[in-house]
Amino acid sequence: MQPWSYSRLKDFIGCPRRHYETQVTSNFTQPYTEALKYGNAVHSALENYAKNKTELPLNYQRYKGYVDEILNIEGDKYPEHKMGLLPDRTACSYEDDKRWVRGIADMIIINDDIAYIIDYKTGSANYPDTLQLKLMALMVFAHFPNVIKIKAALLFVSYNIIFDESYTRNQINDLWAHFAPHLERWEIAHKTNEWGATPSPLCKKCPVQTCEFWRS
């Protein structure tokens, strides 16, 4: 089974050809945009504040209230928590050579048999993607066997918008079902080495200039 992560699977879903050219062969490089730089900087600042109480930079002070509210939730805190799953979907370390999937949760809070998962977002809230929350929930269920209910949320810090979902342990199979068609395509592409392009308005921003759908 081909190892994956949410970010790699999402990139593949967006366009298998782009994913192949930028992530598999590295024939082309995805640009490190200002939005990505900003997102990484905010995540790092919020992590350091939550984990070490490091003062937030002045331009990120407006996010302090969000993190304080999260830190006030009762339970054990796990900021930037790394997790992995083996092919049989049991827990393993993030760095395990035999891992099937891995991911990092921005914040996990464990309070007895209830868990909270918070994922910070710095981009637009127009198209919230809760698939990542589902994957983090599946990992939490595997890594914290006492947890029977999870409350998860995407927190768009720049807009003070929250999209939340709740899951219970008896929904595990249903949660995996959301990934099944994507992972089937993922496995087929790696086995056959066929990576079809998905034309879209984003083609004009794509770095893969050899693609038949690329345009400047």
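Residues numbered from 1 in each chain as written. Predicted model: local features only at pLDDT ≥ 70, side-chain atom pairs only at ≥ 80, totals over all residues. Heavy atoms only, no water.

1. Comments concerning unusual backbone geometry
- Positioned with a positive phi, Ser 26 is a non-glycine residue whose angle comes to about 60 degrees.
- Looking at where Ser 26 falls in the secondary structure, it is placed in the loop between helix 2 (16-24) and helix 3 (34-52).
- By relative accessible area, Ser 26 is classed as exposed at 51%.
- Not every positive phi belongs to a glycine, and Glu 80 is a case in point at roughly 50 degrees. (Helix = DSSP H or I, 4+ residues; strand = E, 2+ residues; numbered from the N terminus. Buried < 20%, exposed > 50% of the residue type's maximum accessible area, 1.4 Å probe, protein only.)

2. Structural notes on the pairing of strand 4 (residues 101-111)
- Summarising burial for strand 4: 8 of the 11 residues are buried, a large majority.
- The sheet contact formed by strand 1 (residues 4-5) and strand 4 spans 2 bridges and is parallel. Each bridged residue has a counterpart across the sheet, and for Ser 5 the counterpart in strand 4 is Arg 102.
- With 9 bridges connecting them, strand 2 (residues 76-85) and strand 4 associate as antiparallel partners. If you follow Tyr 78 over to strand 4, its bridge partner there is Ile 108.
- The sheet contact formed by strand 4 and strand 5 (residues 114-121) spans 5 bridges and is antiparallel. Note that in strand 5 the partner of Ile 110 across the bridge is Ala 115. (Pairing = 2+ DSSP bridges.)

3. A short note on the side chain of Thr 130
- Position of Thr 130 relative to the elements: it lies in the loop between strand 5 and helix 5 (131-143).
- When neighbours within four sequence positions are excluded, Thr 130 is seen to be in contact with Leu 154, Glu 165 and Tyr 167. (Contact = heavy atoms within 4.5 Å.)

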